[in-house]
Amino acid sequence: MRVNKPLEVVIVGGGTAGWMSAAGLLGGLKPGLVRVRLVESDDIGTVGVGEATLPHMRTFNERIGIDEADMMRATNATFKLGIEFRDWGFRGSSYVHPFGVHGHPIGGVGFQHQWTRARLAGQAADIGDYAYAIVASRRNRFEFPSKDLSAINSTYDHAYHFDAGLYARYLRGWCEARGLTRTEGKVREVRLAPETGDVAAIVLESGDVIGGDLFIDCSGFRGLIIGGALNGPFEDWTRWLPCDRALAVPTERSEDFTPFTRSTALEAGWQWRIPLQHRTGNGYVYSSSFISDDEAVTRLMGNLDGAPLAEPKPIRFRSGRRTASWTKNCIAVGLASGFLEPLESTSIYLTQVAVLTLLDLLPRPKVDPALAAAFNRVVDNEYDRVRDFLILHYHANSRDDAELWRHCREMTVPDSLREKMELFVHRGHIAQYRNGLFSPPSWLSVFVGQGMVPTGYHPMADSTPLEAVTAEMEGLRRKISDRVDAMPTHADFVRGYCKGEAPLKAAGGQA
Amino acid sequence: MSRRVEQVVVIGRDAAVWLSALAVQRALGRAGAKVRVIEMPSLLTTADVYAAVPSLGGLHRLLGLNEAAVLEAAEGLPVLGQRFVDWGAAPFIHGYDTHGVTLSDIEFTQILTRARGEGLPVPFEDFCLAAAAAKQGRSPVTRAGVSADQPVSVGYHLDARAYVDLLRGAAIQAGVEARAGDVAEVERSGDRVLSVTLTDAEVVQADLFIDASGPAAVLASGAPGPGFESWRSWFGANRLLVASAPRLKPLPAFSQIAAFPAGWVGLHPLKSRTAVVAAFDSRAMSDAQVLQALPGLTGLPLTGEATVEHLHPGMRPAWVGNCIAVGGAAVSLEPLDAVQLHLIHLGLSTLVSLFPTEVEAMPEAAAYNRAIASHVANVRDFQLAHYVLNRRDGEAFWDRARAPELPGGLRARLQLFGARGRVLQGEDESFQPQNWAQILIGHGLIPADPDPAVDAVPAAEQIEKVQGLLRRIAGEVRAMPALDAEFGAA
C-alpha cells in the first residue's frame with residue numbers, strides 16, 4: 001500500500017452546508033484519507049430555511065452512517081410524504097406533489113395516458129386519488145412503506161421536516177465525536193498563492209492562519225472565498241424566479257399535524273408551513289418588486305395557524321448559481337454555490353449532491369482541474385433541472401388577482417421547459433432522465449396540479465379496451481383508499497418512533 | 001383530438017425497412033395503425049454482414065423474434081466483443097456486455113489502475129467476463145438457444161441478406177402489407193410529405209412516412225431545414241468495402257478490427273464464412289490497392305463478390321414534418337463497434353415512445369430529434385475515441401486522426417479518464433462506463449492517478465480480491481460451451 005498524506009480540508013462556515021460537508025467527509029470515506037477542519041463563528045447566524053427535505057436524504061444518512069430515529073429525535077423531526085400546493089394554479093386550488101407514483105402502467109403505456117383517456121371519456125377521478133402518498137397525506141397518515149414491492153403501500157417514499165439549527169448541531173456533535181477540529185472564529189482574509197491563484201490559507205480575526213489543500217466555502221450567500229477572493233461569476237435567474245426576499249417565523253405546533261409541507265401562493269410570492277414536533281416553521285417568500293417588506297410582514301402574520309414564537313426574521317437572496325462551484329482548490333457548497341427558493345425543498349438535496357459528488361471525485365492535494373470540471377457538470381445539471389421545475393410552478397398559473405402572477409404567466413421560459421410543457425399538453429409525455437431531479441411522477445403532479453391537462457395521450461393506450469382500463473383504475477383507487485385507512489396517524493407514528501422535545505408555547509400563552 | 005395517425009408508409013430497404021415496419025406494427029397495430037412497406041431494391045450483396053451489440057436481443061424480444069431461430073436462419077454467431085489489433089497499443093478485446101465490479105466499495109478500474117501501476121501483469125480485459133470468454137472462444141449461447149441464467153449477454157454476427165429475409169417474413173406474418181417499388185418523385189407542402197410517386201406511377205399517401213432507405217435518404221434528403229451535418233473532419237475514411245473469406249477454424253467469439261495504413265479492416269466470423277469489412281481513406285489507398293492488400297492484412301483469401309461504396313459519416317434531423325428517417329437515412333456512421341443495427345433500434349424505440357398522436361401537428365419531432373442527436377453523439381464519440389487514441393505514428397491517415405478538435409463531450413471524458421479513470425454517465429448513453437474504460441485503457445489511455453480511496457485498502461486485501469475476481473471469471477468462462485463446438489460443426 002502506498003502511504004499518502006491525507007488531504008487537508010478546511011471548511012469555512014457551519015450551518016447545514018458546512019456540517020453536512022464535514023459529516024460527509026468523515027463518514028463517507030475510508031479512514032485516513034482526509035483531515036477536516038471547520039471554522040465557524042457563533043456570532044454569524046445561519047439561514048436555516050431548509051427545514052423540509054427530499055427522500056434522497058436517506059441515501060446521505062445511510063452513506064455516512066446516521067441513524068434515522070436518532071437524528072429525528074434530536075431535530076424534532078416529522079415525516080414528509082410530499083408538498084401540498086394551495087392556490088398555485090388558480091385561487092382555491094390544492095394539489096399534492098407526492099413522493100411516490102400515480103397508478104401504474106396499463107397496457108404498455110404510462111398511467112397518465114390511460115388517465116387522460118378515461119378523463120376525456122368522463123370516467124376518471126382526480127389524479128391524486130390514484131397516488132398512495134397523496135391519499136395518505138390528505139388523511140394525515142404515516143407509516144413506513146412496505147418492502148414487498150407488490151404491495152400497494154410500497155408505492156411511496158418519505159422524507160423529513162426538521163429543525164435545521166438542531167440538525168447542524170446534531171451533525172456537529174456527530175463530527176466532533178469522530179475527531180473533527182472545530183475552530184471558533186471569523187475569517188479576516190483569504191490568502192491566494194501568487195503563482196497559481198489557488199487558495200493558500202485563511203486568516204482569522206484572531207490572527208490564526210489556517211492553510212489547507214482544499215477549501216470548502218460554506219459561508220452562505222456572500223461566498224466569502226468563491227465570490228470574494230476568487231471572484232467567481234454568478235448566473236442570475238431573477239428573470240424567471242422573481243422572488244428575492246423571505247420572512248421566517250415559527251409558531252406553536254398546530255393541531256393539524258400534517259405529513260407534508262404546505263406551500264400557499266400569495267399575492268407576491270408564497271408561504272411555507274412546515275410541521276415539526278415542537279413548533280411549526282412558517283415563512284413568506286416574496287418579490288420585493290411586488291410587495292413592500294412591511295406589507296409582507298402583515299400578510300404573513302395574519303395568515304398563521306398558530307401563535308407566533310418570535311418576530312419574523314428577514315432574509316434576502318438572489319436566485320441563480322455560481323458559474324463554477326468548484327474553482328481552483330475551492331468548492332462552494334450550499335448557499336455559497338447558488339440559491340433556489342425552497343419551494344421544492346431542494347436546498348439540502350443540492351448540498352447533498354455537492355458533498356457526495358466531492359466524495360466521488362476526491363482530489364489529491366494538487367487538485368486536477370479535470371475533477372473540478374466533472375464536478376461542475378454534475379452540480380450545474382442539478383441546478384438547471386431544479387430551476388426549470390420551479391419556474392413551471394410560477395409560469396403555469398391562471399391567477400388574475402395579482403401582478404406577480406400575470407408577470408410570471410407572460411414571461412419567456414427556458415426552451416428546455418417550454419418543450420416539456422408543450423409535449424405534456426399535447427400528449428401527456430414526460431421525459432425521464434438519468435441525472436438530476438425530478439422524476440416523471442413529480443412533473444405529472446405539478447403539470448396537472450397547476451391546471452395543465454393533456455389534450456391527447458399515447459396512441460398505444462387504445463390497444464386496451466377502455467372498460468378494462470377504467471375498471472383497473474377504479475380497483476386501484478379503492479385499494480389505496482382502504483389501505484390508507486389502516487395506517488396510523490402521523491402524530492401517533494412520530495410519537496412512537498422518534499419523540500423529541502415537547503411543543504413550545506408562545507410567551508404569555510396558556511398551556 | 002384531431003385525426004389520428006393511421007396510415008403509416010415505410011419506404012426503404014434492407015434491415016431498416018423491415019425492422020421499422022415490424023416495430024410499428026407490433027406497437028401500434030392493435031391501436032389501429034396500418035403499416036405498408038414500399039421495399040426498394042436491396043443494396044446488400046452476398047458478402048454483407050450485420051454485427052450487432054447485445055441490445056439487439058432486446059429488440060428481438062420486443063419484435064417477437066426467437067433468438068435461436070434468428071441465429072439459425074442468418075448464419076448467425078453469438079459473439080462477445082471486438083478485438084482491436086494494430087491500433088498502436090497491444091491488442092485488446094472490448095467485451096460488449098459489462099458489469100460494474102466493485103471491490104471494497106471501490107470501482108474496480110480504480111483498484112486495477114493502482115495494481116497495474118505497481119506492476120500487476122494481468123491485462124484489463126481479463127477482468128471482463130465477456131472479453132475473457134471471447135478470448136477463449138467461448139460464448140454462453142448454445143445452438144438450441146439462450147440459457148436463462150447466462151452470466152453475460154451476447155452480440156451478433158448475422159448474414160445480412162438472410163437476416164433481412166427473416167425480418168421480411170416476420171413483418172408480413174405480423175400483418176404488414178408490402179410491395180416492391182422505387183421512388184420517382186416526392187410531393188411536399190412546407191415540411192410535410194403529401195405523397196410519393198413510385199416509378200410505376202403509383203401515388204402513395206400516408207399520415208406518416210418513415211424513410212428507411214439508408215444513406216440515399218430518398219424522402220429525408222429533400223426535406224427543408226438544416227440538412228446533413230458532415231463529420232468528415234473527425235472520420236477520415238470515405239470508402240467502405242465488403243467481401244467474404246473462408247470460415248475461420250475454430251470459430252472465434254469476437255470480431256477482429258485491425259488497423260492498417262489507410263483505415264481498418266474487420267473480420268466478422270459467421271457459421272460458414274467470414275465477412276470482411278474495411279473502412280478506409282481513398283487518399284491513402286485506392287479501392288484496388290486495398291483489395292489487393294486484404295489477403296495479406298487478414299491472412300485469408302477473399303472469395304465471392306466484393307463491393308466498395310462511398311462512406312460519409314454525419315447526420316441530419318431525423319424527423320421533419322410527417323416524415324421520420326430511421327437508420328442510415330438519418331445517421332451515417334462507420335460499421336465500427338457493431339452499432340449499425342443499434343442506430344436503427346435507437347430510432348425505433350424513441351419513435352414508439354413518441355409515436356405521433358395526430359396527423360396535423362407533430363410537436364414530438366423536436367424532442368425526438370434532440371434525443372436521437374444526443375444518443376448518436378455519444379455513439380459517435382465512442383467510435384471517435386478509437387481513432388484519436390491511435391498510436392500509429394508517421395502514417396498520414398492516422399496522424400490526422402489524432403489531430404482533430406474534439407467534440408466537447410469527448411474531450412471532457414478523455415480528460416477525466418486520463419486524470420482519474422472515471423467515466424461519468426450523461427443522458428442517452430449506449431455504452432456503459434465499463435465499455436469506455438475497456439477501450440480507453442485498451443488504446444493506452446492510462447489514468448494518471450486512481451481514487452485516493454484505493455490507498456485506504458491494504459495491498460494484501462487488494463491482491464486477494466483481484467485474484468478472487470480472476471478465479472470467479474475463470475470459473476464462469478469454463479462453464480460456457482466453446483462457440484466452435486456449438487456452431488462450428490458441419
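These numbers come from a predicted model, not from an experiment.

Across the contact, 45 residues belong to chain B and 35 residues belong to chain A. Between chain B and chain A lies a buried interface of about 3400 Å² when both sides are counted; carbon and sulfur atoms form 52% of it. Among the residues chain B hides against chain A, the three largest losses belong to Arg420, Glu427 and Asp455 of chain B. Together they make up 16% of the total. The interface formed by chain B and chain A includes seven salt bridges. In this structure, the salt-bridge partner of Asp455 of chain B is Arg364 of chain A, at a minimum N-O distance of 2.7 Å. Among the elements of the structure, helix H1 (14–28), helix H8 (340–353), helix H9 (364–388) and helix H11 (408–420) of chain B are those that each provide at least two residues to the side of chain B that touches chain A.

Residue and element names in this part refer to chain B. Annotation of chain B at the domain level lists domain 1 (7–77 + 157–232 + 313–377), domain 2 (95–145 + 380–478) and domain 3 (239–310). Measuring from the centre of the C-alpha atoms in domain 1 to the corresponding centre in domain 2 gives 33 Å. Domain 1 puts 20 residues into the contact, and the matching count from domain 2 is 17 residues. In total, domain 1 and domain 2 occlude about 1500 Å² of area from one another, counting both sides; carbon and sulfur atoms represent 53% of this. Looking only at domain 1, the three residues that lose the most surface to domain 2 are Asp337, His375 and Ala377, adding up to 31% of its buried area. Taken together, domain 1 and domain 2 are joined by zero salt bridges. Our count for the domain 1 to domain 2 interface comes out at 10 residue pairs in polar contact (both at pLDDT 80 or more). Mapped onto the side of domain 1 that touches domain 2, the elements with two or more residues apiece are helix H3 (67–73), H8 and H9. Here the side of domain 1 that touches domain 2 gets five residues from one element, more than from any other, and that element is H9. Of the residues that constitute the side of domain 1 that touches domain 2, the class distribution is 14 nonpolar, three polar and three charged.

This paragraph deals with the sheet that holds strand E24 (residues 331–332) of chain B. Residues and elements named next belong to chain B. Pairing is antiparallel in the open sheet, where three strands are placed in the order E15-E21-E24. Every other strand in the sheet has two partners, leaving strand E15 (229–230) and E24 as the edge strands with one partner each. One ladder, built from two bridges, connects strand E21 (residues 314–315) with E24; its direction is antiparallel. Pairing of Gly314 across the sheet is with Ser332, part of E24.

An α-helical segment advances 3.6 residues per turn. Residues three or four places apart therefore align on the same side. Given a rise of 1.5 Å per residue, 25 residues ought to cover 36 Å, and the 35 Å separating the end C-alpha atoms of H9 of chain B matches this to within 8%. With 20 of 25 residues buried, H9 of chain B lies mostly within the body of the structure.

Residues and elements named next belong to chain B. With antiparallel pairing, three strands are arranged side by side in an open sheet as E3-E9-E4. One side of each edge strand has no neighbouring strand; the edge strands of this open sheet are strand E3 (49–52) and strand E4 (77–79). Here the strands of the sheet are splayed against their neighbours by 20° on average, with no regard to which way each runs.

In this section: the pairing of strand E11 (residues 214–217) of chain A. All names here are of chain A. Here E11 shows no split at all, with Leu214 and Ile216 on one side and Phe215 and Asp217 on the other all buried. Summarising the sheet, strand E1 (residues 7–12) and E11 pair through four bridges and their orientation is parallel. From the neighbouring strand, Ile11 faces E11, where its bridge partner is Ile216. Direction of pairing for E11 relative to strand E20 (residues 330–332): parallel, over a ladder of three bridges. When the sheet's bridge partners are listed, Phe215 is paired in E20 with Cys330.

Let us now look at unusual backbone geometry. Phe438 of chain A follows Leu437 of chain A through a cis peptide bond whose omega is -5°. Its location among the elements puts Phe438 of chain A in the loop between helix H12 (415–427) and helix H13 (440–449). In this structure, Pro250 of chain B follows Lys249 of chain B across a cis peptide bond, with omega equal to -10°. Relative to the elements of secondary structure, Pro250 of chain B occurs in the loop between strand E16 (239–245) and strand E17 (254–260). Although it is not a glycine, Lys328 of chain A adopts a positive phi angle of roughly 55°. The backbone of Asp14 of chain B shows a phi angle near 60°, a positive value even though the residue is not glycine. Within the secondary structure, Asp14 of chain B sits in helix H1. By relative accessible area, which is 9% here, Asp14 of chain B ends up buried.

Conventions used here
- Residues numbered from 1 in each chain as written.
- Chains lettered and ligands numbered in written order.
- Predicted model: local features only at pLDDT ≥ 70, side-chain atom pairs only at ≥ 80, totals over all residues.
- Heavy atoms only, no water.
- Contact = heavy atoms within 4.5 Å.
- Buried area = accessible area lost by both parts, 1.4 Å probe.
- Salt bridge = Lys/Arg side-chain N within 4 Å of Asp/Glu carboxyl O.
- Helix = DSSP H or I, 4+ residues; strand = E, 2+ residues; numbered from the N terminus.
- Domains from an automatic or database assignment.
- Polar contact = N/O pair within 3.5 Å; in protein donor to acceptor, adjacent residues only side chain to side chain.
- Nonpolar A, V, L, I, M, F, W, Y, C, P; charged D, E, K, R; others polar.
- Pairing = 2+ DSSP bridges.
- Expected span 1.5 Å × (residues − 1).
- Buried < 20%, exposed > 50% of the residue type's maximum accessible area, 1.4 Å probe, protein only.
- Axes fitted to C-alpha atoms, helices over the stretch in contact; angles between N-to-C directions.

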